[in-house]
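Observations on the three-dimensional arrangement
Here is what each chain is made of, one letter per residue.
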Amino acid sequence: MDQSTYARPTLSLQQATDLVEQLYGMRVTKMTNLPSYLDQNFRLEGKDGKRYVLKIMNVEDSKNSSLLEMQTLAMSFLKQHGLPAQTVIPTTTGKLMSMEEIDCGHGVQTYCVRLMNYIAGKTIAETPVTQKDLYEVGKLAATVDKTLQTMDSPNIEVLQKGDSVWSLSNIPLLEEYLSVMEDDPLKDVVQAVIDKFKTDVQPKLNFFRKGVIHGDLRHHNIIVKPDDSGNNEVSGILDFSLLMNGCFVYELAISIAYFMLENPSPLDAGGALVAGWESIMHLNQEEKDSLFLLVLGRLCQSLVLGRYNAQKYPDNKYLLKTTKGGTELLTKLMEMGKEEVQQKWFAAERAVKAN
């Protein structure tokens, strides 16, 4: 069988335990699996009682060590600037990441291994959120990206991932994956979004402001803990695997897409996120005009690529996590149309600012 089928690591708990003890000289007392997309994550506890996250990157991403170094740098850079990113733990030889040859049961392949501190709390996806929470998430997303603009490295050019299928610039690339949507009425909706993107958004791309962005500030990548006022305080920012040089408005659109999925009043969620974002970075007119289609584009990416990867890795239920809610939301937004949706977003934004 083609080894590319096995690009996703599938270490056993024992293999993961042995790896930590070998690389970090740490006695592991507990090891459990954590959900992940195409990588593999474990939560572990050392003999000293401290908890950590072990991240094993997939084979394809492990090939680009310069990119992985930039992701690690971004985490430490944000941490130094007071933002709650994870801290990478060095190996016994002082490495922040290690390339390891591992056999997961289908031949030896090379995987990038990193150990990070564990951030206590719940993902915001598991927590009821208030409008104040959403405002703070929008503010956080803009603050993260604004802070990343001052990060410097001789390898920063590796973030120019122009061919990434997850970049919102590349919505038209979804056409190559639409065969997974055969006999699904949603295929026509996705095609309609792609066509509208080509006519309405692509001509505006040169007006979008660009820089280094986290690229995936979704509800599963933000850890929170409750505060005394009944809201949530962000205690952690996770997963820098989609760090790229992209457009700032993409970060906002990505957050809106995923937070709308989990909210009983999805349009209000969009408005609160926009208000928080604009308290740090103001949207220009072209970015505002494109926000609706960018949000729809991310929902399409999540649905189509999730289904494509689920066919390759049928055991990974996490890949289809957005399927039901995403289908309903995408259909509803298309029925409402850009004018009505954006009107509600910006009305909700004004209401949040007024309060």
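Residues numbered from 1 in each chain as written. Predicted model: local features only at pLDDT ≥ 70, side-chain atom pairs only at ≥ 80, totals over all residues. Heavy atoms only, no water.

If you look the protein chain up in an unreviewed UniProt entry, it shows as Hydroxylysine kinase from Takifugu bimaculatus. Checking UniProt for the protein chain, the heading Catalytic activity (unreviewed entry) contains the comment "(5R)-5-hydroxy-L-lysine + GTP = (5R)-5-phosphooxy-L-lysine + GDP + H(+)". (UniProt positions renumbered as here; feature names shortened; annotations may be inferred.)

Here the focus is the packing of helix α8 (residues 285-312) against helix α10 (residues 338-354). Between α8 and α10, the shortest axis-to-axis distance is 10 Å and the interhelical angle comes to 110 degrees. Our classification of the angle between α8 and α10 gives roughly perpendicular. Along the contact surface, α8 presents K288, D289, S290, L291, F292 and V295, while α10 presents K338, V341, Q342, W345 and F346. Residues of the contact of α8 with α10, tallied by class, amount to 6 nonpolar, 2 polar and 3 charged. (Axes fitted to C-alpha atoms, helices over the stretch in contact; angles between N-to-C directions. Helix = DSSP H or I, 4+ residues; strand = E, 2+ residues; numbered from the N terminus. Parallel < 35°, antiparallel > 145°, perpendicular 65-115°, else oblique. Contact = heavy atoms within 4.5 Å. Nonpolar A, V, L, I, M, F, W, Y, C, P; charged D, E, K, R; others polar.)

As summarised here, the arrangement of the 3 strands in space is β7-β9-β10, forming an open sheet in which the pairing is antiparallel. Each end of this open sheet is capped by a strand with a single partner; those strands are β7 (122-123) and β10 (232-237). As defined by bridge partners, strand β9 (residues 222-226) adjoins β10 across 5 bridges and the pair is classed as antiparallel. The residue of β10 that forms the bridge with I223 is G236. (Pairing = 2+ DSSP bridges.)

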